[in-house]
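# Results of the structural survey
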Amino acid sequence: MTGLLDVRGLRTVFHAPEGAWAAVDGVDLTIGRGEVLCLVGESGSGKSVTGFSIVRLIDPPGEIVEGEILFDGADLRRASQEDLRALRGNRIAMVFQDPLSTLNPVLTIGEQMAEAITAHRSCSKAQITEESVRALARVGIPSPEVRLRQYPHEFSGGMRQRVAIAIALLNSPDLIIADEPTTALDVTIQSQILYEVQKLARETGTAILWITHDLAIVAELADRVAVMYAGQIVESGPADDVLDRPRHPYTLGLLKSSTGTVQPGERLHQIDGNAPRIDARPSGCPFRTRCDRVVAVCAEVYPARQQAGEQIFRCHNPVTSASVTSGEDLP
Amino acid sequence: MTAYFLQRLIQSIAVLLAVSVVVFFAVYGIGDPIELLVPPQASAAERLALIKRLGLDQPVWHQYFTFLGNALSGNLGTSFVHGVPVVSLILGRLPATLELVLLSMITAAVVSVPLGLYAGLNPDSRPARFIMAGTVIGFSLPSFWKGMMLVLLFSVWLGWLPTAGRGETVAFLGLQTSLFTWDGLEHLILPTLNLAIPNTVLMVRLIAAGASEATTQDYVKFARAKGIPRRRIVNRHILRNILIPVVTVVGIEFGSLVAFSTITETVFSWPGMGKLLIDSIYQLDRPVVVAYVMLTTLLFVGVNLIVDVLYAALDPRVKLSGGMT
Ligand SMILES: Nc1ncnc2c1ncn2[C@@H]1O[C@H](COP(=O)(O)OP(=O)(O)O)[C@@H](O)[C@H]1O
Ligand code: SF4
Ligand SMILES: [Mg+2]
């Protein structure tokens, strides 16, 4: 299957004196045009590194060592620096986690929007202003003409994230990679922004890779979901399938600990233990140190990729459900 | 804004008053200028007349208030040695010092911005290591030693440049300057270099540290994710943020260069304010020393104010308000 973005076998390591540790370890992802894919996992599972690897914004000591990043048919791993620059912010835009630090404090919002346009196309001053005003209005910022002349510190966190999203929208990208863009915001603003982003994606046909640790967001937003653990995708598929019938014990654990699934008064479930550090990943299945379905083979053999309908997962002892077709092993 | 300036004005006056007391009494505690001023063959009557004429027969506190009263009307006293008002004496030496200081600050800025940016953006490269090692050497050598080595190398051994003095000057806007004659420029090179080295070194280190820190900031990564060309990221995003500390240092250093370019001016016999200060201290020319310190205090206060205003212009988060300290 090929989509707008096709990541195959991506492996990104960080070099340390003792060796190279893989933050992203053989990741496959596919996003179709106009599709919203949520990449979910606990902190430290390699979601951000995956996002930055796609646009090749990995700085030493990090290095992308294996895999293909096919974007619209071309492998970004072979793209030149100038090709990548021309692509970033133009065909693939990003929104970062912390809205307080992503905008340059000493430049006006207007300047930071204008440069995002002029980096990719020549444009008259009037046109730049018009497009910037339109983008700000689209993400729900009142009196955009005035706001253009202001500096980031004159905006609240939620407003700054809207500005960042407006900047991402400026060049009508094919794909937006949003790295936990609402994590730093409070819940009401979070759902407003979610709603608006979803609407914009539909209107413009922009595909979204939405990175989050919160399954509640997945339910609201995603067409498809990929669950990441210790640098690997442990389960992926249509959001409804994965949320309704999780096959991987880790996905189930995440679901149980998600705020969206608990009833009032019920205690929030926690997955025991912590995610393994990048330099201390267990052999076999990386989740085995925390898994309550662990079997003997888990320690020795890395689970093969299994498919049930459109759902893909890697587990020796998957969560059972009547509707699961028997696990056909794929290479 | 107005409240801010009012507060700063009151602060400044308080600083000036405090400095005047300290300096006045300190200087009057050192040595007896009469011994140096009165010719050995003078009679006792002549000696008394001189003491009376200079006001030295009055008690110290009385002398201080006389000084203060005169100072308020712009008269900081008359030089014991030169017999002319000290303000015009000092200001007469100002152009020579200013031209030296300005030229050295410009040199420092022009040299340090590209070097510092390069070293900060490519910290592991060989040239960057070379630059940073150079700054350590530049830092640790004392000014008089550097000055003498420059003279030794360029004047004595190579014979390229003059050793001392200001060279030929011409009038420009009513001031004498060495900037527009070949001879004057030749005389300027070594003292300018000597004065510029410590500031260049300081600014290279500041800019390099600022640049390497800025590259790790989210706003730089975000700019890269927007596809902004590297040149613009460096010139607009990074440099603009580094300028804030640099402006502070330039301001402070400018003040201290004007006030205390003493060593360089002495080594190169440059007839500026610094040399005047040293000469006056040797000759116990009290009014000159006191006035000198008062004027440099005024200079520092002024420079500080300018730096604050520049700060507000560079950093939109800084608001000049009465509450700021
Ligand atoms: N700049 C870096 N240097 C070294 N290791 C890093 C760096 N960035 C990320 N890592 C490693 O990669 C792992 C995954 O990080 P990240 O992708 O940021 O996780 P997530 O976004 O899922 O919270 C981290 O646990 C960390 O060990
Ligand atoms: S492979 Fe084994 S340890 Fe890993 S998730 Fe499945 S059951 Fe748990
Ligand atoms: Mg992250």
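About the criteria used
Residues numbered from 1 in each chain as written. Chains lettered and ligands numbered in written order. Predicted model: local features only at pLDDT ≥ 70, side-chain atom pairs only at ≥ 80, totals over all residues. Heavy atoms only, no water. Near = heavy atom within 4 Å. Polar contact = N/O pair within 3.5 Å; in protein donor to acceptor, adjacent residues only side chain to side chain. Areas by Shrake-Rupley, 256 points an atom, 1.4 Å probe, with all protein chains shown as cover. Helix = DSSP H or I, 4+ residues; strand = E, 2+ residues; numbered from the N terminus. Nonpolar A, V, L, I, M, F, W, Y, C, P; charged D, E, K, R; others polar. pLDDT = per-residue confidence, 0-100. Contact = heavy atoms within 4.5 Å. 1 Å grid on protein atoms, 1.4 Å probe; cavity = no way out; pocket = protein on both sides within 12 Å on 5 of 7 lines; lining within 4 Å. Sits in = over half its atoms within 2 Å of the grid points. Points joined across faces, edges and corners; volume = space filled by probe spheres on them. Buried area = accessible area lost by both parts, 1.4 Å probe. Salt bridge = Lys/Arg side-chain N within 4 Å of Asp/Glu carboxyl O. Buried < 20%, exposed > 50% of the residue type's maximum accessible area, 1.4 Å probe, protein only. Axes fitted to C-alpha atoms, helices over the stretch in contact; angles between N-to-C directions. Left-handed = near helix turned anticlockwise from the far one by under 90°. Pairing = 2+ DSSP bridges.

### Comments concerning the site of ligand 1
Residue and element names in this part refer to chain A. Residues in contact with ligand 1, as listed here, are Phe14, Ala23, Glu42, Ser43, Gly44, Ser45, Gly46, Lys47, Ser48, Val49 and Ile278. Gly44 is positioned with one of its backbone polar atoms (N or O) 2.7 Å from an oxygen atom of ligand 1. Backbone polar atom of Gly46 to an oxygen atom of ligand 1: 3.0 Å apart, as the coordinates give it. Taken by itself ligand 1 offers 560 Å² of open surface, and the protein chains cover 63% of this. Ranked by residue count, the leading element in the shell around ligand 1 is helix α1 (residues 47–54), at three residues. Here the shell around ligand 1 is built from residues that sort into four nonpolar, five polar and two charged.

### Remarks on the confidence of the model for chain A
Looking at chain A, pLDDT values average 89 and 93% of them are 70 or higher. The model gives residues 322–331 of chain A a pLDDT under 50, and that stretch makes 17 contacts with residues more than four places away or in other chains.

### Considerations on the site of ligand 2
If you check the shell around ligand 2, you find His248, Pro249, Cys285, Phe287, Arg288, Cys291, Arg293, Cys298, Pro303, Cys315, His316 and Asn317 of chain A and nothing else. The site holding ligand 2 turns out to be the second largest cavity.

### Description of the layout of surface pockets
Space inside the largest pocket adds up to approximately 1100 Å³. What lines the largest pocket is a set of 36 residues, among which Ile58, Asp59 and Pro60 of chain A together with Arg224 and Arg230 of chain B lie closest to the centre. Breaking the lining of the largest pocket down by element, the ones donating at least two residues are α1, β4 (62–71) and α2 (81–87) of chain A together with α5 (86–121), α8 (182–215), α9 (218–225) and α10 (230–260) of chain B. When its residues are assigned to classes, the lining of the largest pocket shows 15 nonpolar, nine polar and 12 charged.

### A look at the interface of chain A and chain B
In many analyses, interface size is given as the accessible surface area lost on bringing the parts together. With 27 residues of chain A at the contact, the number on the chain B side is 20 residues. Carbon and sulfur atoms make up 59% of the surface buried where chain A meets chain B, a total of about 2300 Å² over both sides. Linking chain A with chain B are five salt bridges, by the criterion used here. The tally of links from chain A across to chain B stands at 14 residue pairs in polar contact (both at pLDDT 80 or more). Of all the secondary-structure elements, those providing two or more residues to the side of chain A that touches chain B are β6 (92–95), α3 (99–102), α4 (109–118) and α7 (157–169) of chain A. Residues of the side of chain A that touches chain B, tallied by class, amount to 14 nonpolar, seven polar and six charged.

### Quick look at the pattern of salt bridges
Applying the stated criterion across every chain, the model contains 23 salt bridges over all chains. Between Asp59 of chain A and Arg224 of chain B there is a salt bridge whose closest N-O contact spans 2.9 Å. Here Arg224 of chain B lies in helix α9 and Asp59 of chain A lies in the loop between α1 and β4, a pairing that spans two chains. Overall, the relative accessible area of 33% leaves Asp59 of chain A in the partly exposed class. When the shortest N-O distance is used, the salt bridge between Glu82 of chain A and Arg85 of chain A registers 3.0 Å. In this pair, Glu82 of chain A and Arg85 of chain A both sit in helix α2, three residues apart, roughly one turn of the helix.

### Topic: the packing of α5 of chain B against α8 of chain B
Packing of α5 of chain B against α8 of chain B brings their axes to within 6 Å, and their N-to-C directions diverge by 35 degrees. Both α5 of chain B and α8 of chain B take part in a crossing whose hand is right-handed.

### Considerations on the pairing of strand β10 (residues 232–238) of chain A
Residue and element names in this part refer to chain A. With seven of its seven residues buried, β10 lies for the most part within the structure. Sheet topology note: the strand β9 (residues 224–229)/β10 ladder contains six bridges and is antiparallel. If you follow Tyr229 over to β10, its bridge partner there is Gln232. What sits between the antiparallel neighbours β9 and β10 is a turn of two residues, in which Ala230 has the positive phi angle 50 degrees. Sheet analysis places β10 next to strand β12 (residues 311–314), joined by two bridges and oriented antiparallel. Each residue of the ladder has a partner; that of Glu235, found in β12, is Phe313.

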